[in-house]
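The residues making up each chain are set out below.
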Amino acid sequence: MIAVTAEELHFLAAAHGIETVPGLGPLPLDPADAASLRLMRGTAERSLRARGLIEAPEITSLLEPVGDPEWFATAVRSDETARAWSRRGPRATELARLAPTDYALSALDPASIRGRIADFLALHGDDAGQAEPETPDEERMRALLAPPAWVGEATRAVHGDMVALQWIDPGDGGSVWLLSGGDPVQVTRTGRAAILARLS
Amino acid sequence: MAAELELEDAAAATLEEAAETFDDFRVEQEKVVQISGRPAAMRFQSFAIDGVEGRLLQLQVLVFAPPDDREKTHDLFHIDGTCLASDAATYAPAFVAAAHSFTFT
């Protein structure tokens, strides 16, 4: 596992010709401000150089699946922690957002991604069912979102196909409530295995 | 500091100065943060000092005061926290929290 800041990862991605890193958030300062951009570049370069990470083989290896993924998925929990998994051939990389501008890069076995998604999003279980959609009123929505409930968001993409899901997890280990966009918002009681199947 | 001096210049200059001053100087990590809504340069550095057993770890934070009516100069705040590297797990989070608690009124 290699810990990196947002500015370090942006710097490394640019150095490797990578335009988009799945799961990487914005820079800590406004990149349109010349002085801030200069500070972020200088800071990232000094920090990476001091840690021996510029042109490090392990960084190149970790970024290989990220730069041109055959498949990737991203996930965000309502506590603002996030993960992204990128896969290319026999290699996969997990990007974990640990704090707003702090990340960790890890290599992992592509076969373990499904389990990693299930762990992070609490999607373990056998229930693959899905009920009919409901249109909750304001009071019902407040009840669904009452603690310990939390909201999960995830995407899964391959070339030409992308899935984006958002759901309310009641926090009780039972079914979740899949949210459908639009007006009015609809919720659908959905088994955790059904959500995981659509993401992995 | 002269008004044209940017935070990146201050970060580079203080790094050079520290590297020349301390024995066995090493940058552990640098990052950009915001202190009281202002851009700030944060650096963890470690070094050795004669008479002290074990390395020292130091957090350095640099942040300029908000603009005022002066045109030729601006104030640079330089915040340091230093502890034995072996005590980093205890003190480093406290140093970071102290730096983030700094506010301009």
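Note that the structure is a prediction, hence the values are computed from the model and not measured. (Residues numbered from 1 in each chain as written. Chains lettered and ligands numbered in written order. Predicted model: local features only at pLDDT ≥ 70, side-chain atom pairs only at ≥ 80, totals over all residues.)

Novice: Requested: an account of the interface of chain A and chain B, with residues and values cited.
Specialist: The partner chain B presents 16 residues to the 15 residues of chain A that form the contact. If you tally residues by element for the side of chain A that touches chain B, the top one is helix α2 (residues 34-50) of chain A, at 10 residues. Split by residue class, the side of chain A that touches chain B holds six nonpolar, five polar and four charged. (Contact = placed C-beta atoms within 7 Å. Helix = DSSP H or I, 4+ residues; strand = E, 2+ residues; numbered from the N terminus. Nonpolar A, V, L, I, M, F, W, Y, C, P; charged D, E, K, R; others polar.)

Novice: Which residues make up the nonpolar core, and what values do they have?
Specialist: A:Ala73, A:Ile117, B:Ala40, B:Ala41 and B:Val61 are the most contacted members of the largest nonpolar core, which has 60 residues in total. Counting contributing residues per domain, this core is built from domain 1 (1-121) and domain 2 (122-200) of chain A, each supplying no fewer than three. Ignoring sequence-local partners within four residues, the contact set of B:Val61 consists of B:Ile35, B:Ala40, B:Met42, B:Ile79 and B:Ala99. (Core = buried A, V, L, I, M, F, W, Y, C linked by C-beta atoms within 7 Å. Buried ≥ 20, exposed ≤ 12 C-beta atoms within 10 Å, placed from the backbone. Domains from an automatic or database assignment.)

Novice: Explain the domain arrangement of chain A to me, using residue names and the numbers behind them.
Specialist: All names here are of chain A. By domain assignment, chain A separates into domain 1 (1-121) and domain 2 (122-200). Here the C-alpha centroids of domain 1 and domain 2 sit 27 Å apart. Domain 1 puts 14 residues into the contact, and the matching count from domain 2 is 15 residues. At the level of elements, β2 (71-77) and α4 (113-121) are the ones that each hand at least two residues to the side of domain 1 that touches domain 2. Of the residues forming the side of domain 1 that touches domain 2, the biggest block, seven residues, is contributed by β2. Residues of the side of domain 1 that touches domain 2, tallied by class, amount to nine nonpolar, two polar and three charged.

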